[in-house]
Amino acid sequence: MPPQGKHYTPEQVESQSAIMSSRLRERSKACAPDRSSLARNEKQAELMQQKLSVKRSEKSSAWSQQGQLSSRADILEVDVYQSAGEYPRDLPSSEVYVDMQGQVLFAPINGSQVPFHISMIKNAVQPDPDRTAT
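Note that the structure is predicted; figures quoted are calculated from it, not measured.

A few words on the sheet that holds strand β1 (residues 97-99). If you walk across this open sheet you meet the three strands as β1-β2-β3, and the pairing is antiparallel. The strands lining the two open edges of the sheet, one partner per strand, are β1 and β3 (112-117). Pairs of neighbouring strands in the sheet enclose a mean axial angle of 30°, with direction left out of account. Judged from the three bridges that link them, β1 and strand β2 (residues 104-109) form a sheet pairing that is antiparallel. Residue Val98 lies in a different strand from β2, and its bridge partner there is Leu105.

Pasting the structure below:
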C-alpha cells in the first residue's frame, strides 16, 4: 500500500504489488515444502528401510554360514600354547619378544608377558639397526 501523502502512478502501484506478492510467494515456499519433495523424502525413507533389511539378512546369513564352516581344527590351528608352562623359557621380562615357530608375539603388560597370535596384529615395523637414534 502506498503511504499517505505520496502519489504513485498506476504502474508504480502495480509493480509494488507484484513485488509484494513475489515476496509472499517465496515465504510460503520456504515455510511449507512442496508435495514433490515430501514424496521424494518418503520414497527415500522407504528405499533406506529396504536396504537396511537386505543388509541385515545378508549379515545374519553370513554369520550362520561362517559358524557352519568353522570347525574345531580351525580353532586348534591358532591355539599354539595350551598353558603358560609351554611358553619359551628365554622370555625377557620387559621387552617385546616374537616367537617365530609359534607365530606368537609376547608383549610385556603389567610386568608379565602376554601372548598375541600374529593374526591379531595389523601392522608391525622393525627398526633398522643401521639407523640409530640421534
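Further remarks concern the pairing of β2. Counted along the chain from β1 to the antiparallel partner β2, the turn is four residues long, and its residue Gln103 has a positive phi close to 50°. Bridge count between β2 and β3: six bridges; the pairing is antiparallel. By the bridge assignment, Pro108 is partnered in β3 with Gln113. The hairpin turn running from β2 into β3, its antiparallel successor, is two residues long, and Asn110 in that turn takes a positive phi close to 55°.

Let's shift gears to the packing of aromatic side chains. In total, this model carries two aromatic pairs according to the counting rule given. For the pair Tyr87 and Phe106, a centre-to-centre distance of 5.1 Å together with 65° between the ring planes defines the contact as edge-to-face. Of the two residues, Tyr87 sits in the loop between α3 (72-78) and β1 while Phe106 sits in strand β2, which places them 19 residues apart along the sequence. Phe106 sits in the buried class, given a relative accessible area of 0%. On the basis of an interplanar angle of 40° and a centroid distance of 6.3 Å, the ring pair of Tyr97 and Phe106 is categorised as tilted. Through a chain of ring-to-ring contacts, the aromatic side chains of Tyr87, Tyr97 and Phe106 assemble into a single cluster.

Time to look at a nonpolar patch on the surface. On the surface, Ile109, Phe116, Met120 and Ile121 cluster together into a nonpolar patch covering about 360 Å² of accessible area. Accessibility expressed as a relative area gives 31% for Ile121, which makes it partly exposed.

Below, the discussion takes up the side chain of Gln113. Structurally, Gln113 is set in strand β3. A polar contact is formed between the side chain of Gln113 and the backbone nitrogen of Ala107, at a distance of 3.5 Å. Sequence-distant contacts of Gln113, defined by excluding residues within four places in its chain, comprise Tyr87, Leu91, Pro92, Ser93, Ser94, Glu95, Phe106, Ala107 and Pro108.

When pLDDT drops low, the exact placement of atoms in the prediction is not to be read closely. On average, residues of the protein chain score 75 in pLDDT, and 70% of them reach the 70 mark or higher. This stretch, residues 71-76, has a pLDDT under 50; its non-local contacts, to residues over four places away or in other chains, come to one contact.

Now for the environment of His117. Mapped onto the fold, His117 is located in strand β3. Note: C-alpha distance between His117 and Leu105 (12 residues apart in sequence) is 6.3 Å. Here Ser119 takes part through its side chain, which lies 2.9 Å from a polar atom of the side chain of His117.

Criteria and cut-off values
Residues numbered from 1 in each chain as written. Predicted model: local features only at pLDDT ≥ 70, side-chain atom pairs only at ≥ 80, totals over all residues. Heavy atoms only, no water. Pairing = 2+ DSSP bridges. Helix = DSSP H or I, 4+ residues; strand = E, 2+ residues; numbered from the N terminus. Axes fitted to C-alpha atoms, helices over the stretch in contact; angles between N-to-C directions. Phe/Tyr/Trp six-rings, centres within 6.5 Å; stacked < 30°, edge-to-face > 60°. Buried < 20%, exposed > 50% of the residue type's maximum accessible area, 1.4 Å probe, protein only. Patch = residues over 30% accessible without salt bridge, like charges linked within 9 Å, V, L, I, M, F, W, Y side chains within 5 Å. Areas by Shrake-Rupley, 256 points an atom, 1.4 Å probe, with all protein chains shown as cover. Salt bridge = Lys/Arg side-chain N within 4 Å of Asp/Glu carboxyl O. Polar contact = N/O pair within 3.5 Å; in protein donor to acceptor, adjacent residues only side chain to side chain. Contact = heavy atoms within 4.5 Å. pLDDT = per-residue confidence, 0-100.

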